Structure formats: structure tokens, C-alpha cells
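If you want the building blocks of each chain, they are given just below.
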Amino acid sequence: MLRIVTDGATDMPPGWESEFQISVIPLRVVFGEQSYTQGIDLGFEEFYELVRQTRLIPKSSLPSPGQVIEFYRRVAQRGDTILSMHISNRLSGTLATIQAAAQELKDEFNIFTFDSAAGSAAVGFMCREARLLDCAGQSAEEILRKMERIRARLTVIFTLDTLDFAYLNGRINAMQNALSSLLKVKPIVILRDGLLEMGDKVRTRQKALDRVVSTVAERLAGRRANVAIVHAADPSTAQVLEQRVRGLLNIKDLIITDLSIPVAANLGPGTIGIVAYPVDEE
């Protein structure tokens, strides 16, 4: 049996884990001296309430290889094939930990690890697609080739409401943060080669959203696509964005999902963006 595994930096709608049999390795978030595990003792509402109460910028914490080994043994049986798909190796050390654990278990399971070169809803879509292909009788090798096609055509773009979280987590430098705060600009962050890079900075939230939508439309160029709107504590803006993209893009499936806590810890509340890729019409 094929077991599909990912990590807590993956975003997907409620119900996908059970419907598509996706096992998620939980990631931890650290507030000062206190550590919390997403989905176990820390939900979205509790996370943002802690941010408001403590005024601390949280940091994400990786699982150990031992914890990953324990997780694999809990969700799979000896001899199973495991497809383990994770956040970009250039954004997080998670994949390196996964690969170390997989090496330890090579005599127990047939483990394929896959670098999404992304994260968020991109990996959620990959996990769903992998399960659908598995149900259609595709082998793990065939599924991985499809994942590579999706990875090569991904668009991931966000606008941040503030650079404070990114600065304090080392994602940008102090000068960028000070300049952006002074000018009250809304930065655009786009995925390039597995890294989130600072793109344009625009003067208003509305113009930032316009830039996000226009960039996605330009990249898709009218092709039919799967689209995710991902937000950090901003569901109302996500709904507005949904209406805009439905009228502009050629959509196969559209989902709205919360930005995972480990990612929100780096980008901050108010972050909103789009993940999209053209689908194969075979």
C-alpha cells in the first residue's frame, strides 16, 4: 500500500487528510521558552491569540530524525511504500531530517522522498494528486514524474501585511524592513527556484492584491489550472480574492485554506496569496 506523508508546512482544506489518506508530520512552534505542536496543542485561533498576547515573534522548530522514524512506523506497516513530500529544502531543514530518517528505515519501508521546491497548498495539491494517481493504478515512479511536472509549472506568490515577522525570523534584513515600514509599502513575495524572494513593493494593500492576481493570470496564460487562495488570519480578503480569480482565471479546482502555522510564523498574520499550476488535460 502507498502511504502519502507530508509535514505541517503543507496547507490543505479540512477533510483532505482523511479523504485522500494523507499523513502529516506535525511541526512545532516556539514562543519564547514554550513549545507548541500544530494541530495538537495549538490551533490557528490559539496561535494568533498568543501572538497578540505575548507580542513575541514565534519560531518554527523541526522534528528530529527519531520523531520522524517513530511517525513512519506509526502510519505504515513493514514493506509498505511511502511517498514523503515536503516543503522546499531551500526554505527549511525538514527534508534533510526526512531523508536521514528514510535512510535509517530503508530495510523496513520503500521510501521515496520528494522536494516540492515549494510548500503551502502546492504540497497539498501534490498529495491529493498523488493519491488520485495511486487509486488509478499508477506506480510510485510514475507518480513522482507527475509531481515533477507540477513542480516545474508552479506559481506561488504572496503579499505580506508586515515585514516584522520576516525580519525577526531572518528572512529579510533590517534595512529592507525599516524602509518598507517608513514608506508603508506592501511587499510581494514570489517563489523562485525553491526560495521565497522579495519582488515588487507597492504602496497599498489593494495594489498588492492586484499585482498578485495579475502575476498569476500572466503565468497561467489562459490554461486550465488548479488554484489555492492561502491566507493568514484574513478570511474576508480571501473571499474577495476568490471572486476576482473566478472571474479571471480558467479554473478546474479552487480551494481556500489557512496558511500553516509554521509558515505564518515566518510571514506573519495578514499574509495572503495564490498557489496555482496548469493541469494536464490528457
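For the structure itself, consult the block above.
Because the structure is predicted, anything quoted here is derived from the model rather than measured.

## Let's talk about the sheet that holds strand β5 (residues 59-61)
Phase 1: Taken in spatial order, the three strands line up as β4-β3-β5 in an open sheet, and their pairing is antiparallel. With partners counted over all chains shown, the strands left at the sheet margins are β4 (34-37) and β5, one partner each. In this sheet, adjacent strand axes meet at a mean angle of 35 degrees when their direction is disregarded.
Phase 2: In the sheet, strand β3 (residues 28-31) pairs with β5 via three bridges, with the strands oriented antiparallel. Along β5, the bridge assignment pairs V30 with K59.

## Here we look at the pattern of salt bridges
Phase 1: Applying the stated criterion to the full structure yields eleven salt bridges.
Phase 2: With a shortest N-O distance of 2.8 Å, D80 and R3 are connected by a salt bridge. Highlighted residues: D80 in the loop between α3 (65-75) and β6 (81-86) and R3 in strand β1 (residues 2-7), separated in sequence by 77 residues. No difference in accessibility class separates D80 from R3, as the two residues are buried.
Phase 3: Between R128 and D253 there is a salt bridge, with the nearest N and O atoms lying 3.0 Å from each other. With R128 in helix α5 (residues 120-135) and D253 in strand β12 (residues 251-258), this pair connects stretches of sequence that are 125 residues apart.
Phase 4: A relative accessible area of 10% places R128 in the buried class.

Conventions adopted
- Residues numbered from 1 in each chain as written.
- Predicted model: local features only at pLDDT ≥ 70, side-chain atom pairs only at ≥ 80, totals over all residues.
- Heavy atoms only, no water.
- Pairing = 2+ DSSP bridges.
- Helix = DSSP H or I, 4+ residues; strand = E, 2+ residues; numbered from the N terminus.
- Axes fitted to C-alpha atoms, helices over the stretch in contact; angles between N-to-C directions.
- Salt bridge = Lys/Arg side-chain N within 4 Å of Asp/Glu carboxyl O.
- Buried < 20%, exposed > 50% of the residue type's maximum accessible area, 1.4 Å probe, protein only.

Such coordinate-based values are descriptive only and should not be taken to indicate function.
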